[in-house]
Amino acid sequence: SVTERLDYSHLHGWTPISLRRAAEPTVEWADMRPCAFADAPFSRIIDDWRAGAAHPTAHTALAAFAALDDQPSLDPDLIIAHPSRSGSTLLARLAAARDDTLLLSEPGILQQLLTLDLVKPLDQPVVRVLRQIVRALGRIRFGWEQRYVLKLNSQMTRFLPAISAAFPTTPIIWLQREPAEIVQSNLRRPARGGTTHGDLVGWALRRTTLAFLAATAFVDRQVHVLDYRDLPEAAWTRVARLIG
């Protein structure tokens, strides 16, 4: 097709930052090569980047992912799934403590892709596109990157089968906490996306319940269960061994 013959070489080194569906799925790319990804949520990094000086962006079809997939990239060494307020930020920072480790925290484009596919299936296997996006986020941009830790957001648990299928050899940590403690934490300080005007208790209960139900429905040998109470010791007694 015409789309498949397009030249995307001008996007070498660029980062996919969002995905939306108009007539067809459209990817927004940004040249973030001067920007080192910190351990902050990726959405916050994007917001800070947008708030700076004017930056060029580009919009492409999904075909760009396949065309650019031959660039030097990392597959994740560890994927962290979790309900909110379970210590996932601490665990991610500990797992990515080595200087040669890239940490991607909660890239929203993954949820955008998988949600779009639920509403209207893509014209290609979503697992393949998911893998290409994760690799595009894991580009080797500075030369020091050797390891890659991917922390999902708390609403990604229901998509664990697709995540696992995209990276069948990558260990997945399911980091959990007592549900009552999660709800109490959200009531004290609502997580992003919570409401202070509606039924906050109902929102926190629903959010926590859905995460645990999804995780319970999908547990296999690739998924390693870790508890909030085991941190931080479990990072070096269990997780370090998982990622070598």
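Given the structure is predicted, the values throughout are model-derived calculations rather than measurements.

(A) Up close: the nonpolar core. In terms of nonpolar packing, the biggest core is built from 56 residues, with Trp29, Leu110, Leu130 and Leu152 touching the most fellow members. If you tally residues by element for this core, the top one is helix α5 (residues 126-137), at 7 residues. Once residues within four sequence positions are removed from consideration, Trp29 is found in contact with Leu11, Trp14, Thr15, Pro16, Pro56, Thr57, Ala58, Thr60, Ala64, Phe65 and Leu68. In this structure, Ile80, Val149, Leu175 and Leu231 belong to the second largest nonpolar core, which totals 16 residues.

(B) Region of the structure containing helix α1 (residues 42-51). For α1, the complete set of buried residues consists of Phe42, Ile45, Ile46 and Trp49. For α1, the angular spread of buried residues about the axis comes to 100 degrees, placing them on one side. Facing away from the buried surface of α1 by more than 90 degrees, the exposed residues are Asp48 and Ala51. Looking at the packing, one finds that the buried side of α1 touches β1 (15-21), β2 (25-30), β3 (57-60), β5 (101-105) and α5.

(C) A look at the environment of Pro56. Summarising the element assignment, Pro56 is placed in the loop between α1 and β3. In this structure, Pro56 is in contact with Trp14, Trp29, Ala30, Asp31 and Trp49, ignoring residues within four places of it in sequence.

(D) Just the side chain of Ser73, in detail. Structurally, Ser73 can be placed in the loop between α2 (63-68) and β4 (78-81). In this structure Ser73 comes out as buried when scored by relative accessible area, which is 15%. Within polar-contact distance, the side chain of Ser73 engages the backbone oxygen of Arg135 at 3.5 Å. A polar atom in the side chain of Ser73 sits 2.5 Å from the side chain of Arg139. Setting aside residues up to four positions removed in sequence, Ser73 forms contacts with Arg135, Gly138, Arg139 and Ile140.

(E) Here's a closer look at the pattern of salt bridges. Tallied over the entire structure, the rule returns 9 salt bridges. For Lys151, the salt bridge identified is with Glu106, shortest N-O distance 2.5 Å. Taken together, the positions of Lys151 in strand β6 (residues 147-151) and Glu106 in the loop between β5 and α4 (108-119) put the pair 45 residues apart, joining distant regions of the chain. In this structure, Asp227 engages Arg229 in a salt bridge whose closest nitrogen and oxygen atoms are separated by 3.0 Å. The class for Asp227 is buried, based on a relative accessible area of 12%. A network of salt bridges, in which partner residues are shared, links Asp69, Asp75, Arg131 and Arg135.

How each quantity is defined
- Residues numbered from 1 in each chain as written.
- Predicted model: local features only at pLDDT ≥ 70, side-chain atom pairs only at ≥ 80, totals over all residues.
- Heavy atoms only, no water.
- Core = buried A, V, L, I, M, F, W, Y, C linked by side-chain atoms within 4.5 Å.
- Buried < 20%, exposed > 50% of the residue type's maximum accessible area, 1.4 Å probe, protein only.
- Helix = DSSP H or I, 4+ residues; strand = E, 2+ residues; numbered from the N terminus.
- Contact = heavy atoms within 4.5 Å.
- Arc of directions from axis to C-beta.
- Polar contact = N/O pair within 3.5 Å; in protein donor to acceptor, adjacent residues only side chain to side chain.
- Salt bridge = Lys/Arg side-chain N within 4 Å of Asp/Glu carboxyl O.

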